[in-house]
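# Working through the structure, step by step
One-letter residues, chain by chain:
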Amino acid sequence: MSIFAISDLHLPLGKDKPMDIFGGRWENYIEKLEKNWKSIVSEKDLVLIPGDISWATYLDDAFADLKFIHDLPGRKVILKGNHDYWWSTLNKLKKFIEEHKFTSIDFIQNTAYVWENTAIAGTRGWNIPNAQTGAEDRKIFEREKQRLILSLEDAKSKKAEKIVVAMHYPPIEQNMINLDFLEIMKAYDVRVCIYGHLHAAAQKFAPVGVFEGVSLRLVSCDYLNFMPILI
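As the structure is a prediction and not an experimental result, all values here were calculated from the model.

### Quick notes on the sheet that holds strand β11 (residues 229–230)
The sheet built from five strands is open, its strands ordered β4-β3-β2-β1-β11 with mixed pairing. The open sheet terminates on both sides in strands that have one partner only, identified here as β4 (105–107) and β11. Strand direction decides the pairing type here: strand β1 (residues 3–5) and strand β2 (residues 46–50), joined by three bridges, are parallel. Directly across from Phe4, in β2, lies its bridge partner Val47. Sitting on the sheet, helix α2 (residues 63–71) is in contact with β2, β3 (75–79) and β4, with an inclination near 140° to β3.

Structural data, given as structure tokens:
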């Protein structure tokens, strides 16, 4: 039973917003994603999807996209991305998947999910602040740090042997000007962190590799050529 990851699916099944306007790599990407997923993920596996799941604005509009994910092999754990406007409270999300019998989907929001001997913790994250960052963005950044701590505390309470962190935004930038998220992970002995959010030219600047003892991996679907990656 393996753990895979892939993010930024940007599914448009409930809203007409094709992604091929962002380049040829996105042409027929839903078909490519489905084929690749089924070629590597089994029903016994877990897939982490850290954000930007659906273009839907409201939860009901995300039905087709969540059904698409549910129908794919494996157990799926989903986190919020910056474009997931359909995202609601955890109780409403759980009620929605229960009503529609999307039994292969779970959500992380201030919580952790345990798979075998591994706890999955995480949060959306936010843009790393710099000297020009405004007060509102700094407030969101600090709130996301607290959300990560809550999730890691939940993971710790479940006494898993290992903790993997999933975020939507990168936890650091290449210039290493702010290590707050990384320091939180280190305090909980996290060794692996996956993230998405970055596309196209921005992927050239993605922090990938081992930083301060934490292995960072970019899992945006176009970066992975729409193939879930084993983590």
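Back to the write-up after that little detour.
### Concerning a negative patch on the surface
Together, Asp60, Asp61, Glu98 and Glu99 line one region of the surface with negative charge. By the element assignment, Glu98 lies in helix α3 (residues 90–99). Glu98 gets classed as exposed once you look at its relative accessible area, which sits at 60%.

### Some details on unusual backbone geometry
One non-glycine residue, Lys159, lies in the positive phi region at around 55°. Tracing the chain through its elements places Lys159 in the loop between α4 (135–157) and β7 (162–167). Even without being a glycine, His197 presents a positive backbone phi close to 75°. Mapping His197 onto the fold places it in the loop between β8 (192–195) and β9 (209–211).

### Let's talk about helix α1 (residues 29–40)
Helix length check: α1 (12 residues) gives 17 Å between terminal C-alpha atoms against 16 Å at 1.5 Å per residue, within 8%. Residues Tyr29, Ile30, Leu33, Asn36 and Trp37 constitute the buried set of α1. For α1, the arc enclosing every buried residue in end-on projection is 135°, short of the 170-degree limit, so these residues lie on one face. Relative to its buried face, α1 has exposed residues pointing more than 90 degrees away, namely Glu31, Lys35 and Ser39. Buried positions along α1 lie against β2, α2 and β3.

### Quick look at the pattern of salt bridges
Applying the stated criterion across every chain yields a total of 11 salt bridges. The salt bridge involving Asp71 is made with Lys67; its shortest N-O contact spans 2.8 Å. Of the two residues, Asp71 and Lys67 are both situated in helix α2; the distance of four residues between them amounts to about one turn of the helix. On the accessibility criterion, Asp71 (44% relative accessible area) is partly exposed. Across the pair Asp189 and Arg191 runs a salt bridge, and its minimum N-O distance is 2.9 Å. The exposure class assigned to Asp189 is partly exposed, which follows from its relative accessible area of 48%. Shared partners join several salt bridges into a network, and the residues in it are Arg124, Glu144 and Arg147.

Cut-offs used in this document
- Counting restarts for each chain, with residues numbered from 1 along the sequence as it is written.
- Local features are withheld for residues below a pLDDT of 70 in this predicted model, meaning they are given only at 70 or higher, and side-chain atom pairs are given and counted only at 80 or more; totals for whole chains, interfaces and linings count all residues.
- Hydrogens and waters are ignored; side-chain quantities use all the structure's heavy atoms.
- Strands were regarded as paired on the criterion that DSSP finds at least two bridges between them.
- Secondary structure elements are taken from DSSP: a helix is a run of H or I of four residues or more, a strand is a run of E of two residues or more, and numbering for both begins at the N terminus.
- Residue contacts follow a heavy-atom distance rule, with two residues in contact if any of their heavy atoms lie within 4.5 Å.
- Lines are fitted to the C-alpha atoms to define the axes, a helix being fitted only along its stretch in contact, and any angle between axes, read from their N-to-C directions, falls within 0 to 180 degrees.
- A patch consists of residues whose relative accessible area exceeds 30% and which take part in no salt bridge; residues with like charges are grouped when within 9 Å of each other, and nonpolar side chains (Val, Leu, Ile, Met, Phe, Trp, Tyr) when within 5 Å.
- All accessible areas in this document rest on Shrake-Rupley with a 1.4 Å probe, and a residue is counted as covered only by the protein chains that are shown.
- Definition used for salt bridges: Asp or Glu carboxyl oxygen within 4 Å of a side-chain nitrogen of Lys or Arg.
- Charge convention: Lys and Arg are scored as positive, Asp and Glu as negative, and His as well as the terminal groups of each chain are ignored.
- Positions of charges follow a simple convention, taking NZ of Lys, CZ of Arg, CG of Asp or CD of Glu.
- Relative accessibility decides the category of a residue: with a 1.4 Å probe and only protein chains considered, values under 20% of the type maximum give buried, values over 50% give exposed, and everything between is partly exposed.
- Multiplying one less than the number of residues by 1.5 Å gives the expected span of a helix.
- Think of it as the arc spanned by the lines of direction from the helix axis to the C-beta atoms.

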